[in-house]
Amino acid sequence: MRTAPADMHAEAQAILQGRPRHQQELFGLRLDRWWQDLDDALTAVYGGERATDLERRLVRIAATAFGERDPELHRLDLQRTLDPAWFQDESMLGYACYTERFAGDLAALIDKIGYLRELGVTYLHLMPLLQPRDGDSDGGYAVADYRRVRTDLGTMADLRTLAAELRAAGISLVMDLVLNHVAAEHAWARAARDGDPHYRDYFYVYPDRTEPDRYERTLPEVFPDFAPGSFSHSADLDGWVWTTFNTWQWDVNWTNPDVFAEYADVILFLANQGVQVLRLDAIAFVWKRLGTNCQNQPEVHAITQALRAVARIACPAVLFKAEAIVAPQDLVHYLGQGAHHGKVSDIAYHNSLMVQIWSTLAAGDASLAAHALRAIPPVPTTTTWVTYVRCHDDIGWAIDAADAAAVGLNGFEHQRFLSDWYSGSFPGSPARGLVFQENPDTGDRRISGSAASLVGLDTAGSPADVDLVVGRLYLAHAIIMGWGGIPVIWMGDEIAMSNDPDWASEPGHESDNRWAHRPRMDWDRAAMRHDLTTVPGRVFAGLRHLAAARSALPHLEASVAAEIPALSDPGVLPVLRRHPLGPLLELFNVTGSWRAFPGSRLAEYGLVGARDALSGEQVFPGPDGNIWLHPYAVRWLVRD
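In this report, we go over the structure that sits alongside the text. (Residues numbered from 1 in each chain as written. Predicted model: local features only at pLDDT ≥ 70, side-chain atom pairs only at ≥ 80, totals over all residues. Heavy atoms only, no water.)

### Looking at the overall build of the protein
Of the regular secondary structure elements, the protein holds 23 helices and 25 strands. Overall, the protein is about 75 × 55 × 45 Å in size when its C-alpha atoms are taken along their principal axes. Within the span of the protein, comprising 640 residues, buried residues form 61% of the whole. Counting contacts in the protein only where the partners sit at least 6 residues apart, residues at least 24 apart contribute 72% of the total. Only carbon and sulfur atoms are counted for the fraction: they give 51% of the accessible area of the protein, which is about 23,200 Å². Placing the 56 positive and 82 negative side-chain charges of the protein at their respective mean positions leaves the two points 4 Å apart. (Helix = DSSP H or I, 4+ residues; strand = E, 2+ residues; numbered from the N terminus. Buried < 20%, exposed > 50% of the residue type's maximum accessible area, 1.4 Å probe, protein only. Contact = heavy atoms within 4.5 Å. Areas by Shrake-Rupley, 256 points an atom, 1.4 Å probe, with all protein chains shown as cover. Lys, Arg positive; Asp, Glu negative; His and termini not counted. Charge placed at Lys NZ, Arg CZ, Asp CG, Glu CD.)

### Some points on the packing of helix α2 (residues 21–45) against helix α3 (residues 48–68)
Axes are the key here: two packed helices are described by the angle between their axes and the distance separating the axes. Viewed as axis vectors pointing N to C, α2 and α3 meet at an angle of 145 degrees, and their least axial separation amounts to 11 Å. In terms of crossing hand, the pair formed by α2 and α3 is right-handed. Across from Q23, L26, F27, R30, L31, W35, L38, D39, L42 and T43 in α2, the residues of α3 making contact are A51, L54, E55, L58, V59, A62, A63 and F66. Broken down by class, the residue content of the contact of α2 with α3 amounts to 13 nonpolar, two polar and three charged. (Axes fitted to C-alpha atoms, helices over the stretch in contact; angles between N-to-C directions. Left-handed = near helix turned anticlockwise from the far one by under 90°. Nonpolar A, V, L, I, M, F, W, Y, C, P; charged D, E, K, R; others polar.)

### Overview of the pairing of strand β17 (residues 486–490)
By the criterion of burial, β17 is predominantly enclosed, with five of the five residues buried. In β17, alternate side chains face the same way, and those of I486, V488 and W490 on one face and P487 and I489 on the other are all buried. Here strand β14 (residues 384–388) pairs with β17 via three bridges, running parallel. Paired with Y388 across the strands is V488, a residue of β17. (Pairing = 2+ DSSP bridges.)

### Points about the sheet that holds strand β8 (residues 231–234)
Here three strands make up an open sheet; going across it, the order is β7-β9-β8 and the pairing antiparallel. Pairing within the sheet leaves two strands with one partner each, and these edge strands are β7 (205–206) and β8. Direction of pairing for β7 relative to strand β9 (residues 239–242): antiparallel, over a ladder of two bridges. Directly across from V205, in β9, lies its bridge partner V241.

### A word on the environment of A108
Here A108 is to be found in helix α6 (residues 106–109). Residue A108 is classed as partly exposed on the basis of its relative accessible area, which comes to 24%. The sequence separation of A108 and L162 amounts to 54 residues, and the corresponding C-alpha distance is 9.4 Å.

### Brief notes about the sheet that holds strand β23 (residues 618–619)
In spatial order, the strands read β18-β19-β20-β25-β22-β23; together these six strands make up an open sheet with antiparallel pairing. Either end of the sheet is taken by a strand with one partner, and the two such strands are β18 (562–563) and β23. Note that strand β20 (residues 582–589) and strand β25 (residues 634–638) share five bridges and pair antiparallel. Residue pairing in the sheet places F588 in a bridge with V634 of β25.

### What to know about helix α1 (residues 6–16)
Inspection of α1 places M8, H9, E11, A12 and L16 among the buried residues, and these make up the whole buried set. End-on, the buried residues of α1 take up no more than an arc of 155 degrees, which puts them together on one face. Opposite the packed face of α1, turned more than 90 degrees from it, sit the exposed residues A6 and A14. Remark: G18 follows α1 within two positions and exhibits a positive phi of approximately 100 degrees. (Arc of directions from axis to C-beta.)

### Considering the side chain of S419
Examined against the element boundaries, S419 turns out to sit in helix α18 (residues 411–422). Of the polar contacts made by the side chain of S419, one reaches the side chain of W397; its length is 3.1 Å. Residues in contact with S419, not counting those within four places in the same chain, are W397, R445 and I447. (Polar contact = N/O pair within 3.5 Å; in protein donor to acceptor, adjacent residues only side chain to side chain.)

### Focus: the environment of V143
Take V143: it is sitting in strand β4 (residues 143–149). The class of V143 is buried, set by a relative accessible area of 3%. Considering only alpha carbons, one finds V143 and H181, 38 residues apart in sequence, at a separation of 8.1 Å. Beyond its immediate sequence surroundings of up to four residues, V143 is in contact with L130, Q131, P132, V178, V182, A183 and H186.

### Regarding unusual backbone geometry
Notably, D238 is not glycine yet its phi reads approximately 55 degrees, a positive angle. Tracing the backbone shows D238 in the loop between β8 and β9. The backbone of A282 shows a phi angle near 55 degrees, a positive value even though the residue is not glycine. Among the secondary structure elements, A282 is positioned in the loop between β11 (277–281) and α13 (298–314). Exposure remark for A282: the relative accessible area of 3% places this residue in the buried category.

### Points about the nonpolar core
Side chains of nonpolar character tend, in soluble globular proteins, to be buried together. Counting residues in hydrophobic clusters, the biggest one holds 203 residues, and the most contacted among them are Y95, W254, F260, W358, Y422 and W636. Apart from residues lying up to four places away in sequence, Y422 is in contact with W358, L361, A362, W397, A431, R432, G433, I447 and L454. Core analysis: the second largest hydrophobic core is formed by 14 residues, L587, A610, I627 and L637 among them. (Core = buried A, V, L, I, M, F, W, Y, C linked by side-chain atoms within 4.5 Å.)

### Some points on the environment of A527
Along the chain, A527 turns up in the loop between α21 (523–526) and α22 (535–551). On the basis of relative accessible area, A527 is assigned to the exposed category, the value being 58%. The spacing of A527 and V488 is 39 residues in sequence and 21 Å in space, taken between C-alpha atoms.

### Some thoughts on the pattern of salt bridges
Inspection of the entire model under this criterion finds 44 salt bridges. Among the salt bridges present, the one from E299 reaches R289, with a minimum N-O distance of 2.5 Å. You can see E299 sitting in helix α13 and its partner R289 sitting in the loop between β11 and α13, a full 10 residues away along the chain. Overall, E299 belongs to the buried group, its relative accessible area being 15%. In this structure, the salt-bridge partner of D467 is R538, at a minimum N-O distance of 2.9 Å. Of this pair, D467 sits in helix α20 (residues 463–482) while R538 sits in helix α22, and the two are 71 residues apart along the sequence. The exposure class assigned to D467 is partly exposed, which follows from its relative accessible area of 41%. What you see here is one network of salt bridges that share partners, running through D7, E11, D53, R56 and R60. (Salt bridge = Lys/Arg side-chain N within 4 Å of Asp/Glu carboxyl O.)

### Quick notes on the packing of aromatic side chains
Considering all chains together, one arrives at 31 aromatic pairs under this definition. Considering the side-chain rings of F203 and W250, the 5.3 Å spacing of their centres and the 85 degrees angle between planes classify their relative orientation as edge-to-face. With F203 in the loop between α10 (197–200) and β7 and W250 in strand β10 (residues 249–251), this residue pair connects regions lying 47 residues apart in the sequence. Residue class for F203 comes out buried when judged on its relative accessible area of 3%. Classification of W250 as buried rests on a relative accessible area of 4%. (Phe/Tyr/Trp six-rings, centres within 6.5 Å; stacked < 30°, edge-to-face > 60°.)

In structure tokens form, the structure reads like this:
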């Protein structure tokens, strides 16, 4: 391992002069530990003298942030250094929400911590908190100021207070950091429009359509309905600016080292407010290369490695989560492959698992899910997935054509089936989702909808229908809690909230039906969570039970990989986790009918007479040699 050059240590010592000797030594040791990751990555992206100059700036930025860090956060850094696998623990359970829709503002959210702890939450993702542009802001992802909290939510002081209260309750605060773009109203963009050449170089600006047209030949459209194309003309700039998402979201130019330094400083600033996990939004898009789709380029992973190294030097309690909704073969690179193995993001979204959950529920067949999930390459054991049934975003049917073909399906036709099923247009479908961003050229139709609406609560008439809805919700959440990693519940799903029928009535929401599955928290419904005669009570109790059972199973620690054994019945998805304590075999009946699982398969794993960790029962094959699973049944079988 290469250590940091003497001149870099001198830069740090000049900043930390006057700090206690042990702190200076600690910073120096961290600088040496992470220097090679930092230097390798920056050299790969910027090369030579530009990389060296940037490194010197970054050491000063990191030393300054280290010196300003709160003593309680320094203590947290030491705790996380001694227990670097803390986020892989089987007790981890996440919750995600919009602050204003869950509690009102940051101060009021403190009063809801008890509710979160009752559910078992240890990880709270608050959706965009930073000050966005006025008006339409892509749900808050058009950030106008990285150092201010949204005025309707409070102040940075409120954020620090909330983070401290969450820490005291054993909950880690997670927030978004948009890396690909800023709002056109951001100070950098305003300076560029005012003619400052320094800030003009923070963006991709072209004098005419020549270069944009060359790029457009291979660029997909993210929002074809309301933001077609990837470039927008700016009269103030007298040119065309790169705008992947919306005309008022300007992509930043990461080929400029000044941009890297700016974001490194922002990351450490947010870390010092008490944020423990930063969700790197739109990370896949940050590097542009002509002739490609400008996603997942190698420089993306080098940039992430360098940012992570800076954070490890100044504040090692902070983790990175990659928001990369990409193909599985690309996704694993965000957790580190090859030279970047285990050196980039610590956490990534398991989008494939989410898609396959919905696919199995619609088709009543786990064959595609089994094949697709087996095909995902292994990830570093020091990283983990976020698993989820749904999130704030739409559901895009990321079905690989080759995976579909391998199980006898046409990928395009299966995607069309899923869109029909979850929009309720397929005969017999109980789902009531909404089609989002239909692209007539590609046939792509994504789906909006709450989990309850997608599994059929809105159309359930009889008690038997309601039982099936509750069963489907329980099964979907049992899969994400049994996979390993950090399972995250989206706000309201724990009490089976349906789509908001009035989603379009709020100004700025009328053209984006994703707001249908982002309703305001129904606290009257939440008050029914202890009444097991109600749907909210049954669903809440089920999820709380899953979380409690999960936290008692070391087999679900995230470094233990999930395997998909051979299917005995396409209607039963088996998941196997091989732990030193013995195997955990999870069985999920993804159909609405009774299904059998052979007792011989239990014997294969030494699990005849095993305990079901969810029911407490011992499980033995019946006279026919099978165990039988009722509709949407879940079994987690372990040896005592």
